Amino acid sequence: MDSSSTSSRSFDPNLARTIEEEKQKAMVAELISKITSSCWDKCITGTPGSKFSSSEASCLSNCAQRYLDMNILLVKRFQSMNKL
């Protein structure tokens, strides 16, 4: 085994950090997509115009906030279960 093959297998903390950051970006993008789809289906009942009505805007805002709050609650719950 030459030194180049062993060095290519060594741990690169920068690469690991970059991979983790990309995973997190993908998770955020997926979450935004789920929120958008779910809240759109719930709050936009007709064909949208150039602006949302006040009730649609309020519904979208409340829906997204509830979705985020629930995700935070679930993450905290799973973290506390992992500590046990």
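The structure under discussion appears in the preceding block.
Residues numbered from 1 in each chain as written. Predicted model: local features only at pLDDT ≥ 70, side-chain atom pairs only at ≥ 80, totals over all residues. Heavy atoms only, no water.

Caption draft 1: Seen up close, helix α3 (residues 54-83). Compared with the 44 Å implied by 1.5 Å per residue over 30 residues, the 44 Å span of α3 between its first and last C-alpha is a close match. The set of residues buried in α3 consists of E56, L60 and C63. (Helix = DSSP H or I, 4+ residues; strand = E, 2+ residues; numbered from the N terminus. Expected span 1.5 Å × (residues − 1). Buried < 20%, exposed > 50% of the residue type's maximum accessible area, 1.4 Å probe, protein only.)

Caption draft 2: Expanded view of the state of the cysteines. Inspection of every chain in the model, using the stated rule, returns 2 disulfides. Linked covalently through their sulfurs, C39 and C63 form a disulfide whose S-S length is 2.1 Å. Across the S-S bond linking C39 and C63, the dihedral sits near -85°, which makes this disulfide left-handed. Remark: C63 occurs in helix α3 and C39 occurs in helix α2 (residues 13-43); sequence separation between them is 24 residues. Comparing C39 with C63 shows no difference in burial state: the two are buried. Counting only the cysteines that take part in disulfides, in the order they occur along the protein chain, gives the pairing 1-4, 2-3. (Disulfide = S-S within 2.5 Å.)

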